[in-house]
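Coordinate inspection notes
So the chains spell out like this:
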Number of protein chains: 2
Amino acid sequence: MIDSSPVPNRPKAAPRPSSLSGGHPLPEGRDHYTISEVAEVTGLSAHTLRWYERIGLMPHVDRSHTGQRRFRNRDLDWLALVGKLRLTGMPVADMVRYAELVREGEHTFEARQELLEATRRDVRARIEELRDTLAVLDYKIDLYADARRASERF
Amino acid sequence: MIDSSPVPNRPKAAPRPSSLSGGHPLPEGRDHYTISEVAEVTGLSAHTLRWYERIGLMPHVDRSHTGQRRFRNRDLDWLALVGKLRLTGMPVADMVRYAELVREGEHTFEARQELLEATRRDVRARIEELRDTLAVLDYKIDLYADARRASERF
DNA sequence: TAGAACCCTGGAGTGCACTCGAAGCAAGCG
DNA sequence: CGCTTGCTTCGAGTGCACTCCAGGGTTCTA
């Protein structure tokens with residue numbers, strides 16, 4: 001709900017961070033998938049997947065001998081992470097930056113860690129904001145409940 | 001961070017839902033403010049405030065004898081609520097719907113309560129999502145920390 | 001009373017994140 | 001063999017939430 005129409009039919013929940021290291025509920029234990037299969041499991045459209053690749057948000061997807069994309073499990077893992085980052089409201093441009101760091105190799109570990117820590121701070125702050133908001137909603141809802149109860153009684 | 005550049009310099013925190021019923025830290029205890037004063041305290045731009053009014057998100061703002069807006073404390077209270085709802089990611093169109101219900105009078109109490117309860121459910125779900133995301137971030141950050149510690153040791 | 005600073009309106013423009021269309025190639029099926 | 005489905009690219013279109021502009025009126029300060 002946080003942005004216009006995100007993840008129309010997102011898979012219901014990844015129970016553990018283990019979804020980052022294999023274990024997708026997919027057709028079979030293959031390690032290559034067509035774009036429509038990936039669209040199916042990620043809830044993203046094929047258009048969006050191609051667009052992700054175009055803007056540099058995917059770390060190089062394999063192609064079949066006829067040029068069609070063949071996504072692999074590591075791509076799905078990456079998309080799972082991207083999905084999480086997107087939930088935090090991180091702009092796509094920042095995710096692209098992170099993807100660039102990954103492409104640049106291991107000497108960017110520190111920068112990546114800092115980026116994730118900054119994101120974690122944002123997420124924590126956001127949760128606090130939402131808790132405040134929840135308090136306001138509770139307060140308002142109680143007001144309406146009281147008002148309606150009062151008007152029924154008389 | 002959740003949308004592009006929201007609330008650039010939002011006032012730091014309303015300690016209680018009491019911010020919904022008076023108690024604004026404003027110039028003095030007046031009950032009319034110019035648009036730029038309201039922009040100052042809400043963190044919204046004057047443009048945005050006029051736009052809110054145009055689309056029906058403000059419940060009728062008073063005007064001076066020359067036609068300039070004179071916001072009152074109840075307008076600030078309303079904007080505080082709108083700010084909270086906006087933090088939940090509620091689309092502006094839904095907030096407009098809520099504003100319409102308010103304008104329609106007391107017979108919409110039930111509808112308003114339902115709308116707020118639906119929003120509350122969304123906020124709770126969102127908090128859960130963010131907690132999941134936090135777990136993933138913790139996991140990833142630990143991975144980087146371990147990797148960097150290991151590379152230092154050898 | 002002049003000038004700066006502020007406010008008005010309607011409408012156009014911006015940035016983000018998709019989302020779709022057009023034109024064409026390739027594979028599987030009855 | 002034709003049909004359907006799915007894939008490719010590039011570029012244009014969409015919806016949201018602002019954000020800004022032009023051209024003019026108003027209010028405050030020196």
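Here's a quick rundown of the structure.

Reading the values: the criteria
Residues numbered from 1 in each chain as written. Chains lettered and ligands numbered in written order. Predicted model: local features only at pLDDT ≥ 70, side-chain atom pairs only at ≥ 80, totals over all residues. Heavy atoms only, no water. Least-squares fit on C-alpha atoms with pLDDT ≥ 70 in both. Contact = heavy atoms within 4.5 Å. Phe/Tyr/Trp six-rings, centres within 6.5 Å; stacked < 30°, edge-to-face > 60°. Helix = DSSP H or I, 4+ residues; strand = E, 2+ residues; numbered from the N terminus. Buried < 20%, exposed > 50% of the residue type's maximum accessible area, 1.4 Å probe, protein only. Near = heavy atom within 4 Å. Polar contact = N/O pair within 3.5 Å; in protein donor to acceptor, adjacent residues only side chain to side chain. Nonpolar A, V, L, I, M, F, W, Y, C, P; charged D, E, K, R; others polar. Axes fitted to C-alpha atoms, helices over the stretch in contact; angles between N-to-C directions. Parallel < 35°, antiparallel > 145°, perpendicular 65-115°, else oblique. Left-handed = near helix turned anticlockwise from the far one by under 90°. Core = buried A, V, L, I, M, F, W, Y, C linked by side-chain atoms within 4.5 Å. Salt bridge = Lys/Arg side-chain N within 4 Å of Asp/Glu carboxyl O.

A few words now on the relation of the copies chain A and chain B. Rotating chain A by 180° and translating it 0.0 Å along the rotation axis places it on chain B, where the RMSD comes to 0.1 Å. Taken together, the turn and the small shift mark the pair as related by a two-fold rotation axis. The C-alpha atom lying nearest the rotation axis in chain A is that of A:Ile127; the distance is 3.0 Å. Of the interface residues in chain A, 98% have counterparts in chain B that sit at the interface too, so the contact is made through matching surfaces.

This structure, assessed with the given rule, holds six aromatic pairs over all chains. Judged by centre distance (5.9 Å) and plane angle (5°), the rings of A:Trp78 and A:Tyr98 are stacked. Placement of A:Trp78 in helix α3 (residues 73–87) and of A:Tyr98 in helix α4 (residues 92–104) is noted, with a sequence separation of 20 residues between them. Here A:Trp78 and A:Tyr98 have matching classes, each one buried. Ring centres of B:Trp51 and B:Tyr52 lie 5.7 Å apart, and the angle between their planes is 40°; this geometry places the pair in the tilted category.

Our focus in this paragraph is the protein's contact with DNA strand D. Taken together, 19 residues are adjacent to DNA strand D, and A:Ser36, A:Arg50, A:Arg69, B:His47 and B:Thr66 come closest. At the protein interface, 73% of the atoms of DNA strand D within 4 Å belong to sugar or phosphate. In this structure, A:Arg50 approaches DNA strand D through a side-chain N or O atom, which is 2.8 Å from a phosphate oxygen. B:Tyr52 places a side-chain nitrogen or oxygen 3.4 Å from a phosphate oxygen of DNA strand D. Considering every element that reaches the surface near DNA strand D, the biggest residue donor is helix α2 (residues 46–54) of chain B, with four residues. For the surface near DNA strand D, the class distribution of residues is five nonpolar, nine polar and five charged.

Here we take up the packing of α3(A) against helix α5 (residues 109–153) of chain B. α5(B) packs onto α3(A) with a crossing angle of 130° between their chain directions and a minimal axis gap of 9 Å. One way to sum up the angle between α3(A) and α5(B) is to call them oblique. When the axes of α3(A) and α5(B) are compared, the crossing they make is left-handed. When α3(A) is examined against α5(B), the residues A:Leu81, A:Lys84, A:Leu85 and A:Leu87 are found in contact with a partner set consisting of B:Arg126, B:Glu129, B:Leu130, B:Asp132, B:Thr133, B:Val136, B:Leu137 and B:Lys140. Taken together, the residues of the contact of α3(A) with α5(B) sort by class into six nonpolar, one polar and five charged.

Right, let's get into unusual backbone geometry. Residues and elements named next belong to chain A. At His60, a residue that is not glycine, the phi angle is positive and equals roughly 65°. With respect to the element layout, His60 can be found in the loop between α2 (46–54) and β1 (62–63). For His60, a relative accessible area of 57% puts it in the exposed group.

Attention now moves to the nonpolar core. Of all hydrophobic cores here, the largest spans 68 residues; its most connected members are A:Leu49, A:Trp78 and B:Leu49. Apart from the residues lying within four places of it in its own chain, the contact partners of A:Trp78 are A:Leu57, A:Met58, A:Pro59, A:Tyr98, A:Ala99 and A:Val102.

Attention now moves to the pattern of salt bridges. Where charged atoms from two side chains of opposite charge come close, those side chains can pair. Scanning all chains against the criterion turns up 22 salt bridges over all chains. Between B:Asp138 and A:Arg120 there is a salt bridge, and its shortest N-O distance comes to 2.6 Å. Taken together, the positions of B:Asp138 in helix α5 and A:Arg120 in helix α5 (residues 109–153) put the pair across two chains. Look at A:Arg120 and you get buried, because its relative accessible area is 17%.

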